[in-house]
Amino acid sequence: MAPSLLSAVTGAAIFAAGAMAADQSYQITENWGANNFFNNFDFFEAGGFVNYVNETYARDHELFGMKDGKPFIGVEHKLPVSNSGPFGRASVRLESKKSFGKGLFVFDMAYLPKPVDGSWPAIWMYGDWEDKGWQTWPNHGDIDIYENWNQLTYNRQTLHTRSGCTVWNNPEMSATSVSGDCDSDYSGWKFGVQQWQYQGCSANDYSNKAFGDPNGGVYVVEYNSDHIKMWTFRPGNVPSDITSGNPDPSKWPGLPTFSTKGGDGSCDIDSHYGNQKIVLNLDFCGVAGNDGYWPSTETYRTKDGISCWDYVAANPSDFADVYFKFNSVKIYTLQDVTSSTSSSVSSTSTSSSASSASTSSVVTTSSATVSATGTSSSASTESASSTSSESSSGSVTESSTSSVAQTGTSSESSSSTDSASASSSSSATVSTSSSNASVTGSSSSSASASGSITGSVTVTASTSASASTSTSVSSSADEEYCEADDETSSSIAMTSTASVSATSASSTAAASGSVTQSASISSESAKSYTTSTVYTTSAQQGHD
C-alpha cells in the first residue's frame, strides 16, 4: 500500500547582486585660488563717495592683484581726494560672474581688513533672479557673511529678505540676535527690540573675535532648503575635513555662529532665497558714517567732530591695511556617493512524508585572482588572458563569471603601459537521488592564454605564454547501519586551474590568474523529512 503523503513546501530566495547603497556628501564644484581667482569675478562700477572702479583703473593703481602669492583686493591709500568732487576714494567691489544655488561656501582668508574708522568691508551674497542682478534686492535673499564698520572688532551676520522671514533668540547659534525681522523694508518693534529699515535679522558674534584678524580665518555658509547656517573658524581651529577638502558640517564642534533653525523665528528658505551671487567689497562711510555709529568713533571724538567723508577723503594712509587677502574660495554641492555590496544566492526547500526522508546539500564556490607587474625603459604593451570552463549535468545549476584587470603607466625618458587580465566562467550541475543515495557528476574544462609585447621603439624582446589546466573527480561513500536508520554519504569534487604569464627582455610584465571551482554532494537518508540547500559564493581579487 502506498503511504499516504502529507507535504508542505516552503521556499525563500535572496538576491543582492549589484545592490547599491546611496549616500550624499559635499563634493567640490568651484575652487578659486591664486591661479584663477580674478577670472571668476566682474568689477562692479559705481560712483559715490566710495568710488568702485573698473578693472583697468584698479590694476593701474594696484588695488587688486597678488600679495605674498595670494589674491588681494584693497583701496586707494596714497592720494587725498576732495569731499566736494564727483568721486570719492577709489575701492574695489567684485561680483561673481556666475550665481550659485544651494551648497556649502567656504571662504578661506589669509588676511582680513584692519578695522579703521570710516571703513566698511564685507563678504556677502545676494539673490540674482533671472540675471537682473542688484535690481531685485532683496527679493531673492541676501546673506551677509562678514561685515562691520569703523573700529568694531566683532563680526555681524545678517539676512535680508522680503516679509515673512524671522530669526530670533536661537539657542542653536552662538551669535547674539540684535534684530529679528529679516524683511529689509521693516522698521519698528519686533521681538521686544526696535530695528530700522534695511537692518534685516542680524546677530553679533561677540565671542569669536575673528573680525579684522591679520592672520585671516575661515568663514562658511551652508545654504539649503532646510536652513541657512554660518560658521567662523579662527586660524588653528579649522576642522581637518575643511583643510582636506572633505567638509562635513555635521561633525564640526560647537554651534554655528548663525542659523535660521530654532528659536522664536521661522523662515521658509525656498520661498525667500534663489541663486546667489558672491560679492567682495570694501566700502567707505555708508552705515559706518551714519548718525547712529559715527559719533561714537574715536576719530569723531578726537578730531573735533569731523565727518566720516571728510576724514576718509583727507587721510589716505590710514587705510593702507584695509584689504582682503584670500587663500581660496571653494564651493561644494551635495552629490550622491554610491558603494556596492557583495552578492549571494541561497534557497531552501523542505518536504516531509510519513515514512521516509533524505538530506542532500550542494556547495559550490568559485574564485579568481590575478596580479600583474611591469617595468619598462621604452614604450611597450603587454597583455595576457586566460579562460577556464567546467560543466556537469544534473538538476542544480550554478554559474559565475569574474574578471580582474590591472593597468599601470610609468614615464621616464619614455613611457610604458602594462595590462593584464584574467577571466573565467564556470558552471556545475549535480543531481542526487534519495531512493538509493546515488551521486552523479561530470566535468569538462579548457584553458587558453595569450601574451603580446609591442614597443614604440626598437627593442629586443622575447615573449612566452603558457597555460595549464587540471581536472579531478572523486567520490567516496561511507555506510553505517543501525537499527534506527540508514545513512549513506557520497561526494564529488571538480577542480580546474589556469595560469598565464608573459615576459619580455627590456620590459617585464607578469600576470597570473587562477580559477578554482569545486562541487561536493553529501546525501543521507532518514525517516522523517527531506531538505535540500544550495549556496553559491563568488569572490574576486585584483592586485596591481
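Just so we're clear, the structure is a prediction, and the values are computed from it rather than from any experiment.

Parameters at a glance
- Residues numbered from 1 in each chain as written.
- Predicted model: local features only at pLDDT ≥ 70, side-chain atom pairs only at ≥ 80, totals over all residues.
- Heavy atoms only, no water.
- Phe/Tyr/Trp six-rings, centres within 6.5 Å; stacked < 30°, edge-to-face > 60°.
- Buried < 20%, exposed > 50% of the residue type's maximum accessible area, 1.4 Å probe, protein only.
- Helix = DSSP H or I, 4+ residues; strand = E, 2+ residues; numbered from the N terminus.
- Polar contact = N/O pair within 3.5 Å; in protein donor to acceptor, adjacent residues only side chain to side chain.
- Contact = heavy atoms within 4.5 Å.
- Salt bridge = Lys/Arg side-chain N within 4 Å of Asp/Glu carboxyl O.
- 1 Å grid on protein atoms, 1.4 Å probe; cavity = no way out; pocket = protein on both sides within 12 Å on 5 of 7 lines; lining within 4 Å.
- Points joined across faces, edges and corners; volume = space filled by probe spheres on them.
- Nonpolar A, V, L, I, M, F, W, Y, C, P; charged D, E, K, R; others polar.
- Pairing = 2+ DSSP bridges.
- Axes fitted to C-alpha atoms, helices over the stretch in contact; angles between N-to-C directions.
- Core = buried A, V, L, I, M, F, W, Y, C linked by side-chain atoms within 4.5 Å.

Time to look at the packing of aromatic side chains. Between two aromatic rings, the relevant description is the distance of the centres plus the angle of the planes. Counted under the stated rule, the structure contains 27 aromatic pairs. With a centroid separation of 5.2 Å and 35 degrees between ring planes, the pair formed by phenylalanine 37 and phenylalanine 41 is classed as tilted. For the pair phenylalanine 37 and phenylalanine 41, one class covers both residues: buried. Between the aromatic rings of tyrosine 154 and tyrosine 206, the centroid separation amounts to 4.8 Å while the plane-to-plane angle is 55 degrees, which identifies the pairing as tilted.

Moving on: the side chain of serine 91. Mapped onto the elements, serine 91 comes out in strand β7 (residues 89-91). At 2.5 Å, the side chain of serine 91 forms a polar contact with the backbone oxygen of leucine 282. Apart from residues lying up to four places away in sequence, serine 91 is in contact with Val50, Asn51, Tyr52, Val53, Leu63, Gly74, Val75, Leu282 and Phe284.

Note on pairing: side chains with opposite charge can pair once their charged atoms come close. On inspection of all chains with the given rule, the structure shows 11 salt bridges. Lysine 251 serves as the salt-bridge partner of aspartate 248, at 3.9 Å between the closest nitrogen and oxygen. Taking relative accessible area as the criterion, aspartate 248 reaches 24% and is therefore assigned partly exposed.

The next subject is the layout of surface pockets. Considered as a void within the structure, the largest pocket measures approximately 520 Å³ in volume. Around the largest pocket, the lining comprises 23 residues; the ones closest to its centre are Trp120, Asp144, Glu147, His160 and Val287. Among the elements of the structure, β10 (119-127), β11 (142-147), β12 (155-160) and β20 (276-284) are those that each provide at least two residues to the lining of the largest pocket. For the lining of the largest pocket, the class distribution of residues is 10 nonpolar, seven polar and six charged.

This part covers the pairing of β10. Where burial is concerned, most of β10 is hidden: nine out of the nine residues are buried. On β10, burial covers both faces: Ser119, Pro121, Ile123, Met125 and Gly127 on one face and Trp120, Ala122, Trp124 and Tyr126 on the other are all buried. Bridge count between β10 and β20: nine bridges; the pairing is antiparallel. Note that in β20 the partner of glycine 127 across the bridge is glutamine 276. Two strands pair when backbone bridges link them, and β10 and β11 are joined in this way by five bridges, in the antiparallel orientation. The partner of tryptophan 124 across the bridge, within β11, is aspartate 144.

Turning our eyes to something else, we now look at the sheet that holds β12. If you walk across this open sheet you meet the eight strands as β3-β8-β20-β10-β11-β12-β16-β13, and the pairing is antiparallel. Bordering the open sheet on either side are β3 (41-43) and β13 (176-179), each of which pairs with just one other strand. Direction aside, neighbouring strands of the sheet carry axes that sit 20 degrees apart on average. Direction of pairing for β12 relative to strand β16 (residues 201-205): antiparallel, over a ladder of five bridges. Within β16, the residue paired with threonine 158 across the bridge is serine 202.

A word on the nonpolar core. Formed by 63 residues in total, the largest nonpolar core has its most connected members in Ile73, Phe107, Leu159, Ile278 and Leu280. With residues near it in sequence (within four places) discarded, leucine 280 still touches Phe37, Phe41, Ile73, Val92, Arg93, Leu94, Phe107, Ala122, Ile123 and Phe326. Counting 10 residues, the second largest nonpolar core, distinct from the first, contains Tyr26, Val106, Val218 and Phe233.

Now for the pairing of strand β8 (residues 93-96). The alternating pattern of β8 places Arg93 and Glu95 on one face and Leu94 and Ser96 on the opposite face, and all of these are buried. In the sheet, β3 pairs with β8 via three bridges, with the strands oriented antiparallel. Pairing of phenylalanine 43 across the sheet is with leucine 94, part of β8. Alignment of β8 against β20, held across three bridges, turns out to be antiparallel. Each residue of the ladder has a partner; that of arginine 93, found in β20, is asparagine 281.

Nothing here speaks to function; it is geometry throughout.
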